[in-house]
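The chain contents come next:
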Amino acid sequence: MSLEILYEDNHVIVCVKPIGILSQEDYTKDMDMLTIIKQYIKDTYNKPGNVYLGLVHRLDRMTGGVMVFAKTSKAATRLNEQIRNHNFKKKYYAVVKGVIEGKGHLENYLIKDEKEVKSYVGNAKSGKLAILDYEVKNIVNGNSLVDVNLKTGRHHQIRVQFSHINHPLLGDKLYGENTNVDLMLYAYSLTFNHPITKEEMIFEKIPNTKNWNMYF
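Position labels on residues start from 1 in each chain and follow its written sequence. Local features are withheld for residues below a pLDDT of 70 in this predicted model, meaning they are given only at 70 or higher, and side-chain atom pairs are given and counted only at 80 or more; totals for whole chains, interfaces and linings count all residues. Side-chain measures were taken over the full set of non-hydrogen atoms in the model, leaving aside hydrogen atoms and water.

### Focus on the pattern of salt bridges
Just to be clear on terms, a salt bridge is a Lys or Arg side-chain nitrogen sitting within 4 Å of an Asp or Glu carboxyl oxygen. Under the definition given, this model contains 10 salt bridges. With a shortest N-O distance of 3.6 Å, Arg 159 and Asp 60 are connected by a salt bridge. Residue Arg 159 is found in helix α3 (residues 157-164), and its partner Asp 60 is found in the loop between β3 (54-55) and β4 (64-70); the two are separated by 99 residues along the sequence. Given the relative accessible area of 9%, Arg 159 is considered buried. Helix and strand definitions follow DSSP, with helices as H or I runs of at least four residues and strands as E runs of at least two, each counted in order from the N terminus. Residue exposure (1.4 Å probe, protein chains only): buried if accessible area is under 20% of the type maximum, exposed if over 50%, otherwise partly exposed.

### Concerning the side chain of Ser 144
Within the secondary structure layout, Ser 144 lies in strand β9 (residues 143-150). Polar contacts involving the side chain of Ser 144 include one to the main-chain amide nitrogen of Ile 100, which spans 2.9 Å. In this view, Ser 144 contacts Ala 94, Val 95, Val 96, Gly 98, Val 99, Ile 100, Val 136, Asn 138 and Ile 139; residues no more than four positions away in its chain are not counted. Contacts described as polar in this section are N or O atom pairs within 3.5 Å, which, within protein, must combine one atom able to donate a hydrogen with one able to accept it, while residues neighboring in sequence count only if both atoms come from side chains. Note on definitions: a residue-residue contact is assigned when non-hydrogen atoms from the two residues lie within 4.5 Å.

### Structural notes on α3
Most of α3 sits inside the fold, with 7 of its 8 residues counted as buried. Within α3, the full set of buried residues consists of Gln 157, Ile 158, Arg 159, Val 160, Gln 161, Phe 162 and Ser 163. Residues of α3 that are buried make contact with β5 (89-96), β6 (103-113), β7 (118-121), β8 (128-140), β9 and β10 (185-193). A positive backbone phi angle near 65° is found at Asn 166, which sits one or two residues after α3.

### Re the side chain of Asn 108
Locating Asn 108 in the fold gives a position in strand β6. In this structure Asn 108 comes out as buried when scored by relative accessible area, which is 13%.

### A few points about the pairing of β7
Two elements, β6 and β7, share 4 bridges in a ladder whose sense is antiparallel. Paired with Asp 113 across the two strands is Lys 118, which belongs to β7. DSSP calls a pair of strands paired once it identifies at least 2 bridges connecting them. Remark: 4 residues form the turn of the hairpin made by β6 and β7, two consecutive strands paired antiparallel; Val 117 in that turn has positive phi of roughly 50°.

### Observations regarding the layout of surface pockets
In this analysis, the protein atoms alone were mapped onto a 1 Å grid. Cavities are point sets where a 1.4 Å probe fits without being able to get out; pockets are open sets with protein on both sides within 12 Å along at least five of seven lines; lining residues have an atom within 4 Å of a point. Grid points are joined across faces, edges and corners, and a volume is the space filled by probe spheres set on the points. The volume enclosed by the largest pocket comes to roughly 1,700 Å³. Taken together, 48 residues make up the lining of the largest pocket; nearest its centre are Arg 58, Asp 60, Arg 154, His 155 and His 156. Elements supplying a minimum of two residues to the lining of the largest pocket: α2 (73-84), β5, β6, β9 and α3. Side-chain classes follow a simple rule in which Ala, Val, Leu, Ile, Met, Phe, Trp, Tyr, Cys and Pro form the nonpolar group, Asp, Glu, Lys and Arg form the charged group, and the remainder, Gly included, forms the polar group. Considered class by class, the residues forming the lining of the largest pocket number 17 nonpolar, 17 polar and 14 charged. Counted as a void, the second largest pocket has a volume near 200 Å³. Lining the second largest pocket are 13 residues, with Glu 4, Val 16, Pro 18, Tyr 186 and Lys 205 positioned closest to its centre. Its residues assigned to classes, the lining of the second largest pocket shows 7 nonpolar, 3 polar and 3 charged.

Right under this line is the structure:
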């Protein structure tokens, strides 16, 4: 797999994760971004021994898009601090079933079922607060392209919240949509402050596959 690098310095590396690739190795032992980038660093800079690379955030296997990895422990610590302080911003494109118009705000409490690896809408006592804002960008063949500004980072949050309002993501069989396409969710924008220079950094990548192209 060719590695698409958007930015790299001594502290961070920003890459595009393809759809279908794991963020981190799991029980399947399939190809994952952490291993791929470590090998790239090892080969490119002739690094002996183990290469340090910090996994700051994750994308689900079937979600492609922009990811940042830390090349030092100091950078990892500072990026994780930004996530905790909500200074780490992610935007997604999603295609949902049916027609939605304008802008909207979704706020729910989500419960993760560890056995099913699935989340549900619960209540304030049992769940964790999940917030997102969205804006409709296009409507094609009766389905809506939405630009999602994720305010919290809950498990399967975007998928669960849109399914809950009867607009599941196209291709999301887990949450009730059986169109025969890949999951239509893509992390197209990532904003964070550089862990050393403090400069605001914004990276964007528009999805470019047959299923996505008709919406842009």
